[in-house]
Protein chains: 4
Amino acid sequence: MSQGRDRGGRPRSEPARAAVLWAVDDLLAKVGYAAMTMKGIAELAGVSRMTVYRWWSTKAEILFEASALDAEEELTVPPDDDPFEDVTRYLEALHYFLTRSHAGAAYRALLGEAQHDPAVAALLAGRDILGDTARAVVSRVAPDADHDRATALLIGPMFFWILSGRDPARIDPADLARTFLAQISPDSRVDG
Amino acid sequence: MSQGRDRGGRPRSEPARAAVLWAVDDLLAKVGYAAMTMKGIAELAGVSRMTVYRWWSTKAEILFEASALDAEEELTVPPDDDPFEDVTRYLEALHYFLTRSHAGAAYRALLGEAQHDPAVAALLAGRDILGDTARAVVSRVAPDADHDRATALLIGPMFFWILSGRDPARIDPADLARTFLAQISPDSRVDG
Amino acid sequence: MSQGRDRGGRPRSEPARAAVLWAVDDLLAKVGYAAMTMKGIAELAGVSRMTVYRWWSTKAEILFEASALDAEEELTVPPDDDPFEDVTRYLEALHYFLTRSHAGAAYRALLGEAQHDPAVAALLAGRDILGDTARAVVSRVAPDADHDRATALLIGPMFFWILSGRDPARIDPADLARTFLAQISPDSRVDG
Amino acid sequence: MSQGRDRGGRPRSEPARAAVLWAVDDLLAKVGYAAMTMKGIAELAGVSRMTVYRWWSTKAEILFEASALDAEEELTVPPDDDPFEDVTRYLEALHYFLTRSHAGAAYRALLGEAQHDPAVAALLAGRDILGDTARAVVSRVAPDADHDRATALLIGPMFFWILSGRDPARIDPADLARTFLAQISPDSRVDG
DNA sequence: ATCTAATCGAGACGGTACGTCGCGTCTTAAT
DNA sequence: ATTAAGACGCGACGTACCGTCTCGATTAGAT
């Protein structure tokens, strides 16, 4: 598939690509998203500015490519026979992702940018990291539920809490998991 | 309040202040938050750039001052004896606010910026519009509940749904209201 | 005339203007016209790049402003009762101008650029330094002659010799002056 | 000459060479010397950029190679028994060359560049097109004169007139020829 | 018929200047 | 003291051309 015709021409430099992705990650942590510039990325990566522009249009695109894989991995929890444990593990992962993770910081920055940049919004819409990972959990613990609605109920409270700048310590994954399960499948109470 | 020590000198121009607030609102709708600049605001307001900088530091500050009052008003719903109606009205107002309202667009832009700009985050933390209005509803329908937790459950799902770029039409305030009330007071089910 | 309305606004910085003109002159001597850049001029002048662009469009414009006055001065010779002396002094000044003068180097660079840049050609056409100074001499030694034709005969040979890269030492102002006068006014021979 | 040591290897592509020379000529007429770039030449010639650089260092070199032959041909006039006719024909050819000829446009551009690029100056010095052709005329009409001085007197006035951007229509080859002959051999006046 | 070696196309790469834009500060004169 | 006007230093923007560098594919003459 990606082995498209490369008839002629110098091949893309993999070191350059890797250096840019690393640089963008490093800069996010060091100076923050706002102070991150295409120029700064190129310089830190030791790469020509033109080379950056050749492959990516905006810093958002680079950051997305640099963090999407990590994000998906961090939010993918192993199945657990106990639904409560399963959901709790996921919400703990989400809590870590949104508050302490490197990839999560990238995601928050991008989601922020998406609120006033349609191009970034489209970028995020193309790969629904939170939705996909949440849906995986929902399929396991409540296969018959409306997946979209369940996703909103699962992610929403913590997402709001953290994105609106509230103290992350004051929200409890286990409590949210219990509440979620009680709602999504009222018959099989966990708090029995 | 602001009648402090202004002995002598030309007083602040109220028309200029109003023109700036109006201009920032107009620009948000016309060109979006990202393309909005201090220069553009000053020019549209017919005011010197210096004058803008004298009273506000950033476009975020101006936008916040221009929209906070409207936002609070739009999210304040009249009490209703029926808790379900009360909550539903609030969620409908929130839905309108986050998707169609002028002030809501400003809020989303600011919240987006807050993800990667501590100054904006501090600005929003100073006046918790969503939290305050939600707490008012919670106090009425579930005075004994944990207000913070209840707020997260009330606002979270819709907040996530819309901020993450999902189709606003596919989320139902009434359904969320019912779910919320069930979660907040499991004994008095509304779905009977 | 140039005291146009400057109602309001910070006045143009004269130090900045002078620094740019000085820098362009310095750079011409040090690195040559080709290697001279707007960026380099601004940096050497200790002035913002924007400030340079605000007042001049091209390096040619700056160079012209920086050298036109000097050029005119260098090519203006005091009248002499003896026509031969008068013309010889002018041709000596022209020789110096085209081969050793600072302002002359600027002129040559601009005239070179004018061969393939209409904007520079127009710039030079606006102030005919060589033509004007030559005409002054012609008016004195041959007031009845066709001034344009006489100018071409006076300046042409030396102009060609030097501009085409020939050895400046092998051309003699006095000889050219004698030939010129013999042609322009055959009645009053100088070689008599 | 170029049949040096080419044991083995693919021979130089003559079509590529011709295409480049043609392209450079075409570009000079279409976009002018300044806007002409190595990249543009290669693309118009349908040739790789590398191929251009392999055989020429600068656009000046290509242009010179592309136009020198034509230039010499255009400036070579057939001998005429009448010196006045001979010189007039040459000056007419020079007038056409400097104002309307393709090759002349190339020469002017190169001479312009030579004023601030030593490499181009050296290039032109290597083949003195104007000097050589003028000397041929001088040898015929005034074999005993100082050839260099005569060349300057012959070419100078028209050269200056046109290169300094004056109206080409206002200079008369026949008049200049008459003047030149009078200067070069004062004893045998043409105006009798 | 193979080998050898310089060519050619394509195009990525590190540089560097371009001219523009917004920033936040400043210096005027006018109110 | 505040205002409008606008110049200023700063620094990033995205583009263009520079000249160099891989690549794989040609293309002859020499073996």
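For chain A, the name recorded in an unreviewed UniProt entry is Transcriptional regulator, TetR family protein, with Actinoplanes couchii as its organism.

Enquirer: For this particular structure, what's the right way to read the interface of chain B and chain A?
Expert: For interface size, the figure often reported is the accessible area lost on association. Taken together, the contact pairs 33 residues of chain B with 32 residues of chain A. Both faces considered, chain B and chain A share a buried interface measuring about 2,900 Å² in area, 61% of it formed by carbon and sulfur atoms. Counting the surface chain B buries against chain A, the share from its top three residues, Q115, H116 and F160 of chain B, is 23%. The interface formed by chain B and chain A holds six salt bridges in total. Among the elements of the structure, helix 6 (102-114), helix 8 (129-141), helix 9 (147-163) and helix 10 (173-184) of chain B are those that each provide at least two residues to the side of chain B that touches chain A.

Enquirer: Would you mind going over the nonpolar core with me for this structure?
Expert: One recurring pattern in soluble globular proteins is that nonpolar side chains are buried together. Ranked by size, the top nonpolar core spans 136 residues in total, and within it F159 and F180 of chain A together with F159 and F180 of chain B carry the most contacts. Sequence-distant contacts of F180 of chain A, defined by excluding residues within four places in its chain, comprise V87, V138, V141, A150, L153 and L154 of chain A. Within the second largest apolar cluster, 133 residues are counted, among which are M38, V52 and V138 of chain C together with V120 of chain D.

Enquirer: What exactly am I supposed to notice about the protein's contact with DNA strand F here?
Expert: Lining the immediate environment of DNA strand F, one finds 39 residues, of which Y53 of chain A, T51 and R54 of chain B together with G9 and T51 of chain C sit closest. When the atoms of DNA strand F within 4 Å of the protein are grouped by moiety, sugar and phosphate amount to 61% of the total. One of the backbone nitrogen or oxygen atoms of S48 of chain C is found 2.9 Å away from a phosphate oxygen of DNA strand F. Elements with a contribution of two residues or more to the surface near DNA strand F: helix 2 (38-45) and helix 3 (49-55) of chain A, helix 3 (49-55) of chain B, helix 3 (49-55) of chain C together with helix 2 (38-45) and helix 3 (49-55) of chain D. For the surface near DNA strand F, the element with the most residues is helix 3 of chain C, which contributes five residues.

Enquirer: How should the side chain of Q115 of chain C be read in this particular structure?
Expert: Tracing the chain through its elements places Q115 of chain C in the loop between helix 6 (102-114) and helix 7 (118-126). The buried category is assigned to Q115 of chain C, whose relative accessible area is 12%.

Enquirer: What exactly am I supposed to notice about the interface of chain D and chain C here?
Expert: Listed by partner, the interface residues are 33 residues for chain D and 32 residues for chain C. Counting each side, the surface lost to burial between chain D and chain C is near 2,900 Å², with a carbon and sulfur contribution of 60%. Together, Q115, H116 and F160 of chain D form the three largest contributors to the area buried by chain D at its contact with chain C, with a combined 23%. Taken together, the links from chain D to chain C amount to six salt bridges. A salt bridge links D148 of chain D to R170 of chain C; its shortest N-O distance comes to 2.3 Å. Across the chain D-chain C interface, the total number found is 14 residue pairs in polar contact (both at pLDDT 80 or more).

Enquirer: What exactly am I supposed to notice about the protein's contact with DNA strand E here?
Expert: As a structural note, the neighbourhood of DNA strand E is formed by 39 residues, with G9, T51 and W55 of chain A, M50 of chain B together with Y53 of chain C the closest of them. Sugar and phosphate atoms form 58% of the subset of DNA strand E atoms that lie within 4 Å of the protein. Interatomic distance of 2.9 Å between a backbone N/O atom of S48 of chain A and a phosphate oxygen of DNA strand E. Measuring from a phosphate oxygen of DNA strand E, one finds a side-chain N or O atom of R54 of chain D at 3.1 Å. For the surface near DNA strand E, the secondary-structure elements that each account for two or more residues are helix 3 of chain A, helix 2 (38-45) and helix 3 of chain B, helix 2 (38-45) and helix 3 of chain C together with helix 3 of chain D. Looking at the surface near DNA strand E residue by residue, the class counts come to 12 nonpolar, 14 polar and 13 charged.

Enquirer: Looking at this model, I keep getting lost on helix 5 (residues 83-99) of chain A. Mind explaining?
Expert: Given 3.6 residues per turn, any residue in an α-helix points the same way as the ones three and four places further on. All names here are of chain A. Compared with an ideal rise of 1.5 Å per residue, which puts 17 residues at 24 Å, helix 5 spans 24 Å between its outermost C-alpha atoms and is within 8% of the ideal. Where helix 5 is concerned, the buried positions are F84, D86, V87, T88, Y90, L91, A93, L94, H95, F97 and L98. Where helix 5 is buried, its residues touch helix 4 (59-74), helix 6 (102-114), helix 8 (129-141), helix 9 (147-163) and helix 10 (173-184). Here helix 5 starts with a cap whose side-chain oxygen sits 3.0 Å from the backbone nitrogen of F84, and that cap is D82.

Enquirer: What exactly am I supposed to notice about the packing of aromatic side chains here?
Expert: Summed over the entire model, instances satisfying the criterion amount to 10 aromatic pairs over all chains. The interplanar angle of 50° and the centroid separation of 5.8 Å between the aromatic rings of F97 of chain C and Y107 of chain C together place this pair among those described as tilted. In this pair, F97 of chain C is assigned in helix 5 (residues 83-99) and Y107 of chain C in helix 6, connecting sequence segments 10 residues apart. Exposure class is identical for F97 of chain C and Y107 of chain C. Each is buried. The structure contains a cluster of three or more aromatic residues connected by ring pairs, namely F159 and F160 of chain A together with F159 and F160 of chain B.

Enquirer: Explanation requested: the domain arrangement of chain A in the structure shown.
Expert: Residue and element names in this part refer to chain A. Per the domain assignment, the segments making up chain A are domain 1 (14-56) and domain 2 (65-184). In this structure, domain 1 and domain 2 have C-alpha centres spaced 27 Å apart. Listed by partner, the interface residues are eight residues for domain 1 and eight residues for domain 2. Regarding the contact of domain 1 and domain 2, the summed buried area is about 710 Å², with carbon and sulfur atoms giving 60% of it. For the domain 1 face of the interface with domain 2, the top three residues by lost area are D25, L28 and Y33, together amounting to 64%. Joining domain 1 to domain 2, the criterion identifies three residue pairs in polar contact (both at pLDDT 80 or more).

The rules we used
Along each chain, residues carry numbers from 1 onward, in the same order as the chain's sequence is written. Chain letters and ligand numbers both follow the written order, the letters beginning at A and the numbers at 1. Per-residue local features are limited, in this predicted model, to residues with pLDDT of at least 70; the limit for side-chain atom pairs, both in listing and counting, is 80 or more; totals at the level of whole chains, interfaces and linings are taken over all residues. For side-chain calculations, the full set of non-hydrogen atoms in the structure is used, while hydrogens and water are omitted. Two residues form a contact once any of their heavy atoms are found within 4.5 Å. Put simply, buried area is the surface a 1.4 Å probe can reach on two separate parts but cannot reach once they are joined, added for both. What counts as a salt bridge is simple: a side-chain nitrogen of Lys or Arg found within 4 Å of a carboxyl oxygen of Asp or Glu. Strands here mean DSSP runs of E at least two residues long; helices mean DSSP runs of H or I at least four residues long; both are numbered from the N terminus. Each nonpolar core is a collection of buried residues, namely Ala, Val, Leu, Ile, Met, Phe, Trp, Tyr and Cys, held together in the definition by side-chain atoms within 4.5 Å. Only protein chains enter the area calculation, which uses a 1.4 Å probe; residues under 20% of their type maximum are buried, those over 50% are exposed, and those in between are partly exposed. Whether a residue is near a molecule or strand depends on its heavy atoms: it is near if one of them lies within 4 Å of it. As used in this structure description, the phrase polar contact means that two N or O atoms lie within 3.5 Å; if the pair is within protein, one of them must be able to donate a hydrogen and the other to accept it, and residues adjacent in sequence are counted only when both atoms belong to side chains. For this classification, Asp, Glu, Lys and Arg are treated as charged, while Ala, Val, Leu, Ile, Met, Phe, Trp, Tyr, Cys and Pro are nonpolar and the rest, including Gly, are polar. Each helix should span, by expectation, one fewer than its residue count multiplied by 1.5 Å. Note on ring pairs: Phe, Tyr and Trp rings are taken, using the six-membered ring of Trp, and paired if centres are within 6.5 Å. Classes follow the plane angle, with under 30 degrees stacked, over 60 edge-to-face and the rest tilted. A domain assignment, automatic or from a database, supplies the domain bounds used here.

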